[in-house]
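What follows is the residue order along each chain.
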Amino acid sequence: MSKDIRIKKGLDIKLVGVAEKNTATISQSSVYAVKPENFHGIIPKLVAKEGAEVKAGDTLFYDKSDERILFPSPVSGKVVEVIRGERRKVLAVKIAANATQEHKDFGAKDATAMSAEEVKNHLFATGCWPFVKQRPYDVVANPNQAPKAIFVSAYASAPLAADLDYTLKGKEAELQAAITAVSKLTEGKVHVSVGKNSNSPLASLKGADIHRVSGPHPSGNVGTQIAKIDPINKGEVVWVITPQDLVVIGELLLTGKLNLSRTVALTGSKFNKPQYVTAIAGAQISDIVEGNLDNDNTRVISGNVLSGMQVKEDDFIGYYDNQITAIP
C-alpha cells in the first residue's frame, strides 16, 4: 500500500556543488576512529586497549548502562590510541588499518526463520544495535522498550544531500533481508518513505508500508514524516533506521560479515569535483577528500550544512554520515 505525503511549508536551500552521479575510487584510509559522541545517550566502557589487534566487527567498547549494546571496529588493524578528555572520558578510539582487511565471521542468517528475540540478540552480538535509533531524543534505542512502529526515510531533502536512489542502487537483496528482520522487532508497522517520483530500490520492499513524499525541506526529515504518518503520543517511542544502515544489517545477515563501507557524497562549491566515493565509517576526512578540496577559506562539514558537524581535515567522518560538505 502506498500513501502520499505532501509537505507544503518549508524551504529548499539551493547551494552550489551537487555530487555528480559517478562513484570515484579512492585509496582507503590508513587510520580510522570511532567516537562515542556520535552515539547519543551512551556512556562508553572500553574493551579494546591500546596495542590490541582487532578484526572488523570486534568490539571496541560497550554501553555502561546496557552491556549488550556493543560498538565494533569498522576495520581490522591495531588500536593505536585511545583519546581521553576530562575525567578520563573516552573521546575516540583510533585504529591503524591493515593493508588486507579481515572480518569477524558472525555466520549468515535467514531473516525469515528468525524470531524477534533472535534478531535482537544478533544485532547485539554483531554491534549493529547502534544503527537502531529512538525517537523522541534521537538516542540509541532502548531495547527494553517496545516501539509502536519503525521508520525508514529513503528521501533526503537536506541541502546537497546524497541521492539515495543512486547510492542504494543494486542493494535490493540486502534491504529486503534487513526489513524482514527488523519488522519482527515491533508489533506495529514498518514505514518506508521514498520520493514521490523516485525510482528507489526500497519502493518494492515486502513487509513495509511505502509512503511517497513530496515538498520542500524538511519533508525528507524522518521526524516530519513521523508527525504525518503516526505521531508519537506521551509515553510512546518509535525506532528509526537509515537506509544505508539497513544495507549494513542486510549484508551482515546474508554474508555473516560486518561491512561498514558506504557511498559518501562529496558536496559543496569548495570541492573541485563534487562526486561520490566509497569510504568506511570512521575514515579520516583528509583521505576521503584528497586532491579534490580547495583549501582557501573553506569550512568542512561531516554531514549537511543544517545538521552536520564542522570538522578539520585530520578529523574523521561521523559514524552515521554519508555526506561531506565543503563551503566557503
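Just above sits the structure.
Residues numbered from 1 in each chain as written. Predicted model: local features only at pLDDT ≥ 70, side-chain atom pairs only at ≥ 80, totals over all residues. Heavy atoms only, no water.

On a plain count of helices and strands, the chain comes out with six helices and 20 strands. The dimensions of the chain, computed from C-alpha atoms along their principal axes, are 50 × 45 × 40 Å. Taking all 328 residues of the chain together, 52% fall into the buried category. Across the chain, the fraction of contacts at a sequence separation of at least 24, relative to all contacts at a separation of at least 6, is 69%. A total accessible area of about 15000 Å² is found for the chain, and carbon and sulfur atoms account for 48% of it. Across the chain, the 39 positively charged side chains and the 36 negatively charged ones have centroids separated by 5 Å. (Helix = DSSP H or I, 4+ residues; strand = E, 2+ residues; numbered from the N terminus. Buried < 20%, exposed > 50% of the residue type's maximum accessible area, 1.4 Å probe, protein only. Contact = heavy atoms within 4.5 Å. Areas by Shrake-Rupley, 256 points an atom, 1.4 Å probe, with all protein chains shown as cover. Lys, Arg positive; Asp, Glu negative; His and termini not counted. Charge placed at Lys NZ, Arg CZ, Asp CG, Glu CD.)

As a further point, take a positive patch on the surface. Taken together, the side chains of K45, K49, K64, R84 and R88 present a region of like positive charge at the surface. Mapped onto the fold, K64 is located in the loop between β6 (59-63) and β7 (66-72). (Patch = residues over 30% accessible without salt bridge, like charges linked within 9 Å, V, L, I, M, F, W, Y side chains within 5 Å. Salt bridge = Lys/Arg side-chain N within 4 Å of Asp/Glu carboxyl O.)

An order of β2-β17-β16-β20-β18-β19 is seen for the six strands of this open sheet, with the pairing classed as mixed. Two strands in the sheet have a free side with no partner beyond their single neighbour: β2 (23-24) and β19 (309-311). (Pairing = 2+ DSSP bridges.)

Mapping V222 onto the fold places it in helix α4 (residues 222-229). You can call V222 buried: its relative accessible area is 10%. Residues within four places of V222 in sequence aside, it is in contact with R135, F151, S153 and V240.

Let us now look at the nonpolar core. Counting 78 residues, the largest nonpolar core has W129, L202 and I324 as the members making the most contacts within it. With residues near it in sequence (within four places) discarded, L202 still touches V152, A154, L168, L175, V192, V194, I210, P243 and L246. Membership of the second largest hydrophobic core comes to ten residues, among which are I5, V222, I226 and V240. (Core = buried A, V, L, I, M, F, W, Y, C linked by side-chain atoms within 4.5 Å.)

Right, let's talk about the packing of aromatic side chains for a bit. Ring pairs (aromatic) are described by centroid distance and by the angle formed between their planes. In the structure shown here, the tally under the stated rule is eleven aromatic pairs. Centre to centre, the rings of F39 and F71 are 4.5 Å apart; their planes meet at 55°, and the pair counts as tilted. Of the two residues, F39 is situated in the loop between β3 (31-34) and β4 (44-46) and F71 in strand β7; the sequence distance between them amounts to 32 residues. Considered together, F39 and F71 belong to a single accessibility category, that of buried residues. Taking the centre distance of 5.8 Å and the plane angle of 85° together, the rings of Y319 and Y320 count as edge-to-face. Taken individually, Y319 and Y320 each receive the classification buried, so the pair is uniform in this respect. Each residue in the set F39, F61, F71, F131, Y319 and Y320 is aromatic and connected to the rest through ring pairs, giving one cluster. (Phe/Tyr/Trp six-rings, centres within 6.5 Å; stacked < 30°, edge-to-face > 60°.)

A word on the sheet that holds β7. Sheet architecture is open: three strands sit in the order β4-β6-β7, paired in antiparallel fashion. Since the sheet does not close on itself, it has two edges, and those belong to β4 and β7, each with one partner. Each strand of the sheet is rotated relative to its neighbour by a mean of 35°, with strand direction disregarded. When β6 meets β7, the two strands line up antiparallel, connected through four bridges. Directly across from T59, in β7, lies its bridge partner P72. (Axes fitted to C-alpha atoms, helices over the stretch in contact; angles between N-to-C directions.)

The next thing to look at is unusual backbone geometry. Along the chain, R135 connects to P136 via a cis peptide bond; the corresponding omega equals 5°. For the bond running from H217 to P218, omega is 20°, close enough to zero to count as cis. In this fold, P218 is placed in the loop between β14 (209-214) and α4. Here the phi dihedral of R87 falls at roughly 55°; this positive angle occurs in a residue that is not glycine. Take R87: it is sitting in the loop between β8 (77-84) and β9 (90-97). Take R87: its relative accessible area is 86%, and that puts it in the exposed class.

Here we come to the side chain of S157. With respect to the helices and strands, the residue S157 is situated in the loop between β12 (150-153) and α2 (164-167). Within the structure, S157 has its side chain in polar contact with the side chain of H217 (distance 2.8 Å). Here G220 takes part through its backbone nitrogen, which lies 2.8 Å from a polar atom of the side chain of S157. Beyond its immediate chain neighbours, meaning those up to four positions away, S157 contacts D12, H217, P218, S219, G220 and N221. (Polar contact = N/O pair within 3.5 Å; in protein donor to acceptor, adjacent residues only side chain to side chain.)

Moving on, we come to the pattern of salt bridges. Taken as a whole and assessed by the stated rule, the structure comprises eleven salt bridges. The partner of D230 in a salt bridge is K148, and the shortest N-O contact between them spans 2.9 Å. With D230 in the loop between α4 and β15 (238-240) and K148 in the loop between β11 (139-140) and β12, this residue pair connects regions lying 82 residues apart in the sequence. The class for K148 is partly exposed, based on a relative accessible area of 23%.

Okay, helix α1 (residues 116-126) next. Every α-helical turn comprises 3.6 residues, leaving residues that sit three or four positions apart pointing alike. Buried within α1 are the following residues: V119, K120, H122, L123, F124 and T126. Of the residues one or two after α1, G127 is the one with positive phi, at around 80°.

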